[in-house]
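Here are the chains, one letter per residue:
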Amino acid sequence: MELSELLNIALGGGLLATVIGLLTLRATVRKAGSEAEKAKAEAEAVRIDNAEHATRILVSNIVEPLKEELNATRKDLQATKREMARLRKAVDTANSCKYHDDCPVLRGVREHSKDGAGGDPDGSGPGDRLDKRSPPDSDGEGADVGGDAGDPG
């Protein structure tokens, strides 16, 4: 055998091995790429699952208590509105009372509704108002100003 034959066999076999190696390497790279894509998809599924779990926790720990507090606040607001309506009605009906000219409560309500300045229009202080009021039984009829014992308020 000549040298050229030996080189031909050696290089020919090496070239064939290189071609086979490249083909198997390409298949291995494809397989690794598909495994990487599968791992990415699994990681995304885990991330979505964690986000859903965190959202459920937020809803149960934050949103639900806030809804309950909002409903309680709404109930309190409605109760306050009812009380304000009752107060307005009481003040409106107090103007027809026979003692309304000398009533310190009505005078105080009128002062607060004007501008909150805190003084009587005639310049008298709060002590003067109380001194002007007569005792409840001095009108000869013995009537008190105020509610009855059975009055719910």
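Because the structure is a prediction, the values reported are computed rather than measured.

With that settled, the discussion passes to the overall build of the protein. A tally of helices and strands in the protein yields three helices and zero strands. Burial analysis of the protein (153 residues in total) assigns 6% to the buried set. Put simply, of all contacts in the protein between residues at least 6 apart along the chain, 33% involve residues at least 24 apart. As presented, the protein carries roughly 12,800 Å² of accessible surface, and 60% of it is formed by carbon and sulfur atoms.

So, about the pattern of salt bridges. Scanning the entire structure with this criterion turns up three salt bridges. Measuring nitrogen to oxygen at the nearest pair gives 4.0 Å for the salt bridge that ties Lys-40 to Glu-37. Here Glu-37 and Lys-40 lie together in helix 1 (residues 3-94), a separation of three residues that amounts to about one turn. Of the residues examined, Glu-37 reaches a relative accessible area of 49% and is grouped as partly exposed. Put simply, Glu-44 and Arg-47 hold a salt bridge, and the shortest N to O gap is 2.6 Å.

For the rest of this paragraph, the subject is the confidence of the model for the protein. Overall, the predicted model of the protein reaches an average pLDDT of 76, with 67% of residues at or above 70. Within the protein, the element-level pLDDT minimum falls on helix 3 (residues 126-132), averaging 45, and the maximum on helix 1, averaging 88. Segment residues 118-147 is flagged for pLDDT under 50; beyond a separation of four residues in sequence, or across chains, it makes 29 contacts in the model.

This part covers a nonpolar patch on the surface. Together, Leu-58, Val-59, Ile-62, Val-63 and Leu-66 make up a nonpolar patch on the protein surface, roughly 400 Å² of accessible area in all. Residue position: Ile-62 is located in helix 1.

Criteria and cut-off values
Residues numbered from 1 in each chain as written. Predicted model: local features only at pLDDT ≥ 70, side-chain atom pairs only at ≥ 80, totals over all residues. Heavy atoms only, no water. Helix = DSSP H or I, 4+ residues; strand = E, 2+ residues; numbered from the N terminus. Buried < 20%, exposed > 50% of the residue type's maximum accessible area, 1.4 Å probe, protein only. Contact = heavy atoms within 4.5 Å. Areas by Shrake-Rupley, 256 points an atom, 1.4 Å probe, with all protein chains shown as cover. Salt bridge = Lys/Arg side-chain N within 4 Å of Asp/Glu carboxyl O. pLDDT = per-residue confidence, 0-100. Patch = residues over 30% accessible without salt bridge, like charges linked within 9 Å, V, L, I, M, F, W, Y side chains within 5 Å.

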